[in-house]
Each structure stands twice: as C-alpha cells, then as structure tokens.
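# A look at the structure
Below, each chain spelled out in residue letters.
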Amino acid sequence: MVNYKKIKELKEKNKNYNQLMKGARDIVSKYIPELEYIDISISLDYMVSNHGIDSLKGIIGVDKFEQENGKEYPNTALGCIAHDLPRPSNLKEDIYPKVMSYTEYCTI
C-alpha cells in the first residue's frame, strides 16, 4: 500500500519533488510504453513511499547512464527500472519479473 502521508511530507520538504516525479514518469514511459500514466504514477508513489526521493533520482540517473553508455551497456536502464519498479496491479511484484537477477545486475 502506498503511504501518501509520507509522500506528502516528502513533497513539502523537497521543492523539486514534482519535477523529479515528472522526469522519472517520462523516463519510465519511454522504456515501458505499454504502461499508462496512472499506472506509472502508482508504481512511482509506492517506490518513493518505501525508498524515498532518491529512488526518483536513481531512475533519472540510470537513464543518463544509458544515454552516455548505451552502446557499451545496452538495456541497462530498462533492466534497472523494470527490476526496481513495482507492478501497479500487484505492488509486491516487479514490472517485469525476472528481467534480470541480482547477479546479472551486478555484472553490468
């Protein structure tokens, strides 16, 4: 379940929260276009309520990494996002379950 009280507190403490959320939402929709806006928002809210605002920064960071190193390390952003972002219909599952094991992730 999403802790909207915690999200409200994060929004009040971080002036750039909405900008980070929009950036992360746009990035997720770029890599996983079949998800609708509301689904992405639910997943991101859940992730933020459990892992904090740095999780949004992580999505933005992995996209920048992909842009800079995509030829050498293809699909890194998709793997990270799909592995870390919960499925909106079942927040205990990843968007794409078993996209990448932890060992595979560590060898990138």
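Our structure is the block above this text.
Thresholds, definitions, all that
Residues numbered from 1 in each chain as written. Predicted model: local features only at pLDDT ≥ 70, side-chain atom pairs only at ≥ 80, totals over all residues. Heavy atoms only, no water. Helix = DSSP H or I, 4+ residues; strand = E, 2+ residues; numbered from the N terminus. Core = buried A, V, L, I, M, F, W, Y, C linked by side-chain atoms within 4.5 Å. Buried < 20%, exposed > 50% of the residue type's maximum accessible area, 1.4 Å probe, protein only. Contact = heavy atoms within 4.5 Å. Expected span 1.5 Å × (residues − 1). Arc of directions from axis to C-beta. Salt bridge = Lys/Arg side-chain N within 4 Å of Asp/Glu carboxyl O. Axes fitted to C-alpha atoms, helices over the stretch in contact; angles between N-to-C directions. Parallel < 35°, antiparallel > 145°, perpendicular 65-115°, else oblique. Left-handed = near helix turned anticlockwise from the far one by under 90°. Nonpolar A, V, L, I, M, F, W, Y, C, P; charged D, E, K, R; others polar.

### Side note on unusual backbone geometry
With a phi close to 65°, Asn75 is a non-glycine residue in the positive phi region. Relative to the helices and strands, Asn75 resides in the loop between helix H4 (54-69) and helix H5 (76-84).

### Here's the deal with the nonpolar core
Counting residues in hydrophobic clusters, the biggest one holds 27 residues, and the most contacted among them are Tyr17, Val28, Leu44, Leu56, Ile59 and Ile81. Mapped by element, the contributors of at least two residues to this core are helix H1 (4-13), helix H2 (17-31), helix H3 (37-51), H4 and H5. Tallying contributions element by element places H2 first for this core, with 7 residues. Beyond its immediate stretch of four places on either side in the chain, Tyr17 contacts Ile7, Leu10, Lys11, Asp45, Val48, Ile53 and Leu56.

### Some thoughts on H4
Its 16 residues give H4 an end-to-end C-alpha distance of 22 Å, which sits within 8% of 22 Å, the value for a rise of 1.5 Å per residue. Taken as a whole, H4 has its buried residues at Ser55, Leu56, Ile59, Ile60, Val62, Asp63 and Glu66. Buried residues of H4 fall within an arc of 160° about the axis and therefore sit on the same side. Turned more than 90 degrees away from the buried face of H4, the exposed residues are Asp54 and Glu68. In this fold, the buried residues of H4 make contact with H2, H3 and H5.

### Examining the pattern of salt bridges
Scanning the model with the defined rule gives 3 salt bridges in all. Across the pair Asp26 and Lys22 runs a salt bridge, and its minimum N-O distance is 2.8 Å. Of the two residues, Asp26 and Lys22 both sit in helix H2, 4 residues apart, roughly one turn of that helix. With relative accessibility at 39%, the residue Asp26 sits in the partly exposed group. The partly exposed category is assigned to Lys22, whose relative accessible area is 48%.

### Section: the packing of H2 against H4
Contact geometry for H2 and H4: axes closest at 9 Å, N-to-C directions at 50°. If you check the angle between H2 and H4, you find them oblique. Pair H2 / H4 crosses with left-handed handedness. Residue-level contacts link Tyr17, Leu20, Met21, Gly23, Ala24, Ile27, Val28, Lys30 and Tyr31 of H2 to Leu56, Lys57, Ile59, Ile60, Asp63, Glu66 and Gln67 of H4. A class-by-class count of the residues in the contact of H2 with H4 yields 10 nonpolar, 2 polar and 4 charged.

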